[in-house]
Amino acid sequence: MAFWRRNTHIEKERHVKANARDYNDKFSYADNRIKTSKYNIFTFLPINLFEQFQRVANAYFLVLLILQVIPEISSLSWFTTIVPLVLVLVITAVKDATDDYFRHKSDQQVNNRQSQVLIRGSLQNEKWMNVRVGDIIRLENNQFVAADILLLCSSEPYGLCYIETAELDGETNLKVRQALTVTSDLKDITKLMDFDGEVICEPPNNKLDKFTGTLYWRDNKYPLDNEKMLLRGCVLRNTEWCFGMVIFAGLQTKLMQNCGRTTFKRTSIDKLMNTLVLWIFAFLICMGVILAIGNTIWVSWIGRNFQVFLPGEEFQSNAVFSGFLTFWSYIIILNTVVPISLYVSVEVLRLGHSYFINWDQKMFCRQTNTAAEARTTTLNEELGQVEFIFSDKTGTLTQNIMVFSKCSINGQTYGKTACVDFSFNPLCDKAFKFYDGSLIEAIKLEDLAVQEFFRLLALCHTVMPEEKSEGHLVYLAQSPDEGALVTAARNFGFVFRARTPETITLCEMGRAVTYQLLAILDFNNVRKRMSVIVRNPQGQIKLYCKGADTIIFDRLDPSSEALMYTTSEHLNEFAGEGLRTLALAYKDLDEDDFEVWMKKLLFASTVIENREDQLAVLYEEIEQGLKLLGATAIEDKLQEGVPETIACLNLADIKIWVLTGDKLETAMNIGYSCNMLRDDMNEVFVISGHTLLEVQQQLSVGDVEKTDMFADDSVFEEAIIAEYALVINGHSLVRYSTVLRLTCVMYVFSLQAHALEPQLEHILLDLACLCKTVICCRVTPLQKAQVVELVKRHKRAVTLAIGDGANDVSMIKTAHIGVGISGQEGMQAVLASDYSFAQFRYLQRLLLVHGRWSYFRMCNFLCYFFYKNFAFTLVHFWYGFFCGFSAQTVYDQWFITLFNIVYTSLPVLAMGLFDQDVNDQNSLRYPSLYKPGQQNLLFNKRQFFLCTLQGMGTSFLLFFIPYGAFSVMVKEDGSHFSDQQTFAVTIATTLVIVVSVQIGLDKHYWTAVNHLFIWGSLTVYFAILFAMQSNGIFGIFPSNFPFVGTARNCLSEKSVWLVILLTTVVCVVPGLVVSFLRVDLFPTLTDKSRKKEGPQEQNLRRVRRTSSRRSAYAFSHQQGYGELITSGKNMKMSTVSSAGSPGRTPHSSTWIENMLKRKNEVSCTSDESGNRAKQTPKQQVRA
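I will try to describe carefully the structure that is included in this document.

What counts as what
Residues numbered from 1 in each chain as written. Predicted model: local features only at pLDDT ≥ 70, side-chain atom pairs only at ≥ 80, totals over all residues. Heavy atoms only, no water. Helix = DSSP H or I, 4+ residues; strand = E, 2+ residues; numbered from the N terminus. Buried < 20%, exposed > 50% of the residue type's maximum accessible area, 1.4 Å probe, protein only. Contact = heavy atoms within 4.5 Å. Polar contact = N/O pair within 3.5 Å; in protein donor to acceptor, adjacent residues only side chain to side chain. Pairing = 2+ DSSP bridges. Axes fitted to C-alpha atoms, helices over the stretch in contact; angles between N-to-C directions. Parallel < 35°, antiparallel > 145°, perpendicular 65-115°, else oblique. Nonpolar A, V, L, I, M, F, W, Y, C, P; charged D, E, K, R; others polar. Phe/Tyr/Trp six-rings, centres within 6.5 Å; stacked < 30°, edge-to-face > 60°. Lys NZ or Arg CZ within 6 Å of the ring centre and 35° of its normal. Disulfide = S-S within 2.5 Å. Salt bridge = Lys/Arg side-chain N within 4 Å of Asp/Glu carboxyl O.

So, about the overall build of the protein. Of regular secondary structure, the protein possesses 41 helices and 34 strands. When the 1183 residues of the protein are sorted by exposure, 57% land in the buried category. Relative to all contacts within the protein whose residues are 6 or more apart in sequence, the contacts with residues 24 or more apart total 73%.

Once that is clear, we can look at the side chain of Thr 873. Inspection of the secondary structure assignment puts Thr 873 in helix α26 (residues 842–880). With relative accessibility at 0%, the residue Thr 873 sits in the buried group. Within the local environment of Thr 873, its side chain forms a polar contact with the side chain of Thr 336, the two groups lying 2.6 Å apart. Those residues within four positions of Thr 873 in sequence are excluded, and the remaining contacts are Ile 333, Leu 334, Thr 336 and Val 337.

So, about the pairing of strand β26 (residues 627–638). Burial runs high along β26: nine of the twelve residues are buried. In terms of strand pairing, strand β16 (residues 398–409) meets β26 through eight bridges, oriented antiparallel. When the bridges of β26 are listed, Ile 409 appears paired with Gly 630. As paired strands, strand β25 (residues 580–589) and β26 are joined by seven bridges and run antiparallel to one another. Following the sheet pairing, Arg 580 is matched in β26 by Ile 634.

Let us look at the sheet that holds strand β9 (residues 213–217). Strand pairing in a sheet relies on backbone hydrogen bonds, with the paired strands running either antiparallel or parallel. With antiparallel pairing, four strands are arranged side by side in an open sheet as β1-β8-β9-β10. The sheet is open, and its two borders are formed by β1 (14–17) and β10 (220–224), each paired with just one other strand. Mean inter-strand twist for the sheet, computed between neighbouring axes without regard to direction, equals 20 degrees. Here four bridges tie strand β8 (residues 198–201) to β9, and the two strands are oriented antiparallel to one another. Residue pairing for β9: Ile 200 is matched across the bridge by Thr 214.

Turning our eyes to something else, we now look at the packing of helix α8 (residues 268–301) against α26. Two numbers describe how α8 lies on α26: the axes approach to 13 Å, and their chain directions differ by 10 degrees. Judged on the interaxial angle alone, α26 and α8 are roughly parallel. Listed contacts from α26 to Ile 269, Met 273, Ile 280, Phe 283, Met 287, Ile 290 and Leu 291 of α8 are Tyr 855, Met 858, Cys 859, Leu 862, Phe 866, Phe 870, Leu 874 and Phe 877. Counted by class, the contact of α8 with α26 contains 15 nonpolar, no polar and no charged residues.

This model, assessed by the stated rule, comprises 56 aromatic pairs. Judged by centre distance (5.8 Å) and plane angle (85 degrees), the ring pair of Phe 388 and Trp 657 falls under edge-to-face. In this pair, Phe 388 sits in strand β15 (residues 386–391) while Trp 657 sits in strand β27 (residues 655–659), placing the two residues 269 residues apart along the sequence. With respect to class, Phe 388 is no different from Trp 657; both count as buried. Of the aromatic side chains, those joined through ring pairs into one cluster are Phe 877, Trp 878, Tyr 879, Phe 881, Phe 882, Phe 885, Phe 956, Phe 959, Phe 960, Tyr 963, Phe 966 and Phe 983. Just above the ring of Tyr 29 sits the side chain of Arg 14; from NZ or CZ to the centre is 3.9 Å. Taking the ring centre of Phe 144 as reference, the NZ or CZ of Arg 113 above it sits at 5.1 Å.

A separate point is the pairing of strand β7 (residues 174–178). Of all five residues in β7, four are buried; the element is thus mostly enclosed. The pairing of strand β6 (residues 160–164) with β7 spans five bridges and is antiparallel. Residue pairing for β7: Tyr 162 is matched across the bridge by Val 176.

With that settled, the discussion passes to the environment of Lys 546. Here Lys 546 lies in strand β24 (residues 541–547). The sequence separation of Lys 546 and Leu 629 amounts to 83 residues, and the corresponding C-alpha distance is 9.9 Å. Engagement of the side chain of Lys 546 in a polar contact is seen with the side chain of Glu 482, the distance being 2.3 Å.

On to the packing of helix α11 (residues 437–444) against helix α12 (residues 448–459). Close contact between α11 and α12 brings their axes to 8 Å; oriented N to C, the two are set at 100 degrees. Considering their axes alone, α11 and α12 lie roughly perpendicular with respect to each other. Residues Leu 439, Ala 442 and Ile 443 of α11 lie in contact with α12, whose contacting residues are Val 450, Gln 451 and Phe 454.

This next bit is on the state of the cysteines. Inspection of the entire model under this criterion finds zero disulfides. The thiol of Cys 947 is unpaired, and the distance to the nearest cysteine sulfur, on Cys 863, comes to 4.7 Å. Residue class for Cys 947 comes out buried when judged on its relative accessible area of 6%.

We now examine the pattern of salt bridges. For the structure shown, the criterion picks out 30 salt bridges. Between Arg 350 and Glu 381 there is a salt bridge whose closest N-O contact spans 2.5 Å. Of this pair, Arg 350 sits in helix α10 (residues 341–359) while Glu 381 sits in the loop between β14 (373–374) and β15, and the two are 31 residues apart along the sequence. You'll find Arg 350 and Glu 381 in the same group, each marked buried.

Strand order in the open sheet formed by nine strands is β17-β16-β26-β25-β24-β23-β22-β21-β20, and the pairing between neighbours is antiparallel. In this open sheet, the two strands that pair with only one neighbour each are β17 (412–414) and β20 (494–499). Across the sheet, the axes of successive neighbouring strands diverge by a mean angle of 30 degrees, strand direction being ignored. Two elements, strand β21 (residues 503–508) and strand β22 (residues 511–521), share six bridges in a ladder whose sense is antiparallel. If you follow Cys 507 over to β22, its bridge partner there is Ala 512. Each of β22, β23 (529–535), β24 and β25 touches helix α16 (residues 591–606); the most contacted strand, β22, lies at about 50 degrees to it. Its contacts with the sheet place helix α17 (residues 611–622) against β22, β23, β24 and β25, and it is angled at close to 130 degrees to β22.

Here we come to unusual backbone geometry. Phi at Asn 19 is positive, roughly 55 degrees, even though this residue is not glycine. With respect to the helices and strands, the residue Asn 19 is situated in the loop between β1 and α1 (21–25). Given a relative accessible area of 29%, Asn 19 falls into the partly exposed group. The phi dihedral of Arg 120 falls on the positive side, at around 50 degrees, and the residue is not glycine.

So this is what it looks like as structure tokens:
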């Protein structure tokens, strides 16, 4: 993006005037055009070439090309380098042009969206790219917001509108925005045209939750905040229309400011290749120096004798200068140890591997018609080396669909039998299912407790109903939990039909009942509960309350104590099944007491200072002496196959960290549901420092004990078997405050903004890496990225981040590999990702099949490529000792040019594309096969050294066996093999056959394509060889093809074929013997699986939880909209925030004693070791 053409003036504040384009143009604000493409028709060629020559390899070959045009040092024609170089540049340019073409198409699709703009007194359709700062635009329901606009008015009362911000923050729940009162009446086009207000506000920035500005209009000024703004990327919902004034446009919108600069991701193999290329270049220089010294000595001692009959130039008589020229000549000749075709082949392989992912029908989701997509072609082999997975929870592991599963009412649990028939209720939700018919019977028998239970669910909420047709109700709730509870009440005969600021109307078992709404005691993060006070038709005043069980139980009347214990047991049972729970209670209020309390409430509502504190005191006063009704249990459904996928990835030694914004208990329950946490983690030990000093002291003690633990191998082995799990909680802590809890042993840290301090992060990371599972809850998007960055920075491991919402974009961009799930939270995660698919379970196939295959194929490809090129190139080195170090080549220049791009390119590409050591079923059946990639065993510096050593040995044999044979052999007519070109053809033919046989032996999986490419390449070699040394082509190009009939004469001799056969056998047999011995004596996991003796895998058993931890109700992070409802400003609908369960702060404990006990127990006899877990007392800490 050509920012260099834009005004570089730093904007300190923005002045925007409505309906005044001329005025706003003076400030040169950005237009609304989005440009993510890099090139245009005129800039493509220079910019693309500049970018390509920034690659060291391309620049290196360009220098070689320049050297080759210097006749004094070049013994090769310039086309031997320019042909492959141009091929590389063209292929890369075509790929870049294709990628940029799709970026252009994406930009045009967005820029050409239509928007209604108020121009010259009428609404006109304009493309988004033509919208300018200061324009007034009209949005309609379900439309995307074109720019960052100030809301002026809407079709809703009081200038309200409702937006969905999934593209910004990943939340699908609706949010409320409200226009200024002075502009909310500007609903007429004429009034809007006359509007000439000026906004002075902050400059463009990336703060999504903050806006500061002032509207100046009619000699008055009005403060503006974020609640008055609609940001680009939002979608207008449940609002017929609205008008807004454009404040920020295009690249200056907050959405685009948050996109950030995507970092260029490179694989570990790429980084290793850079190191190896430097090594090879150093090796190349060493060979050049050796041969240059040899030339200097040869010219000094022997070369001068040839001056009589082979006179040369004056400078050639200088031995040192001759050696200097020879050095550069050999640099040119030997440069093929790193051929430019290697980079072309790598890109082709990666592109092919990407298409295999796109074409995989087993990763295609038919429910959503979504295929897997490789959005990058540079990271495929990295998928085979992942050690850490960082996953979002909601929408990634779960479906973000809440289901009312079970309940406890008056000491009786419901939800364990057959499916209920709700046909008796004409207003029921057809999609709702419940499995206990006895609850319906209790409703029909008019059980008072059951009726009061569902009456509470139907009254105590801030959901807004929308009846699109008679009986067709749609509930609009900010929290999916809230919607599930109201829907449950609806199906059981207590249907929430309508609300006004003063009333709530229910349909109770077919009878309309209207309750007078007296007060809403709204939720906030401190209260953890919500209450409503209503007057029923009989005139009774009742308070209905729902909230976290610990909060409700503390406020119960003593008469509910027995029921509380029974309900608590039911809550334990629900929590053991991974359900999210909520306690319900009510209270009958006395009329006189309520009137007194209401007066206090009205007074507190009008005070200026400490209003929130005074209201909280009044809420606490009236929410005492509650009577318990029961509890609800909601299931946050897991996506299909999540537990199995996690278990399989664990067997592949992949550590899974869950990073979520949910509270600790919810995240832990999902952990249990996914089998990431299990109850056989039998001990709880706690470290809970609240200051930096406390944390340092406790971590230091822990680190010393950890060192002692590792000092004893048996204790270390026992600790690994214990399968640690770490739960990190950032709930209600300041900034980056984190609570770390390790289960079995379970460590709990309270790190007040110190978790990422340099002196603590190493200890923190060490403890986390001891664990099999890590769950981070209540973390912000920034904290997600920081956790990923912490692991990247200190662990030499490949990381993968997977999520489905915009709040996951930061960690997706930070990780080595980013995976986006196309779910219910918008497409921001997918757009920022490297790979995308529809469900979490496809991650198993992406890594264990496609990732492992890509890594395996790329490693084998590189090993073979270096082998064949060392074998090809170093023949010149040996030949230098027999040609007077004259930089004479063994092969003719056409063979040098075509060897890598024609004769041997297709077989190695076929191996890199189609080879597989085991099929996809066995790749999934034996996850341990994934481990060599994590340990980087298949291609590393040692493997590189071995394959280059093999190549050097092959080159030695390729040269000296024919050389020795030719020195004693004669032709059938008795003459000697005296010409150099016959020698060259023999070596070249042997080389092509040897590398073809070697690749055939190295293959694990033969296909028709492999056969075609190998045998086809040999056929093409001989066809080209005979054609280039034929009479016909010599007649056309006599200077370029001078060796007429050499191939025909040479290859017609039987002795030559015997030499070729002998050399091939000697070159291939040693490697074949080593391979057989390795498979028999040192078989790998792959060898065992190919023999159907797969490694024994651990069977993860699913354990039913019986835990005392509650899974509390999942409230949203924001305060509720109770005040908005009672104000009457949203009579069409509203949104809701609900409250979360309190986090539990475990008491401090120490794990040092436990480790000492374990150390002592390890020293016991083997028959006692089996009972160690039973001998250790279980310590469980509850908040």
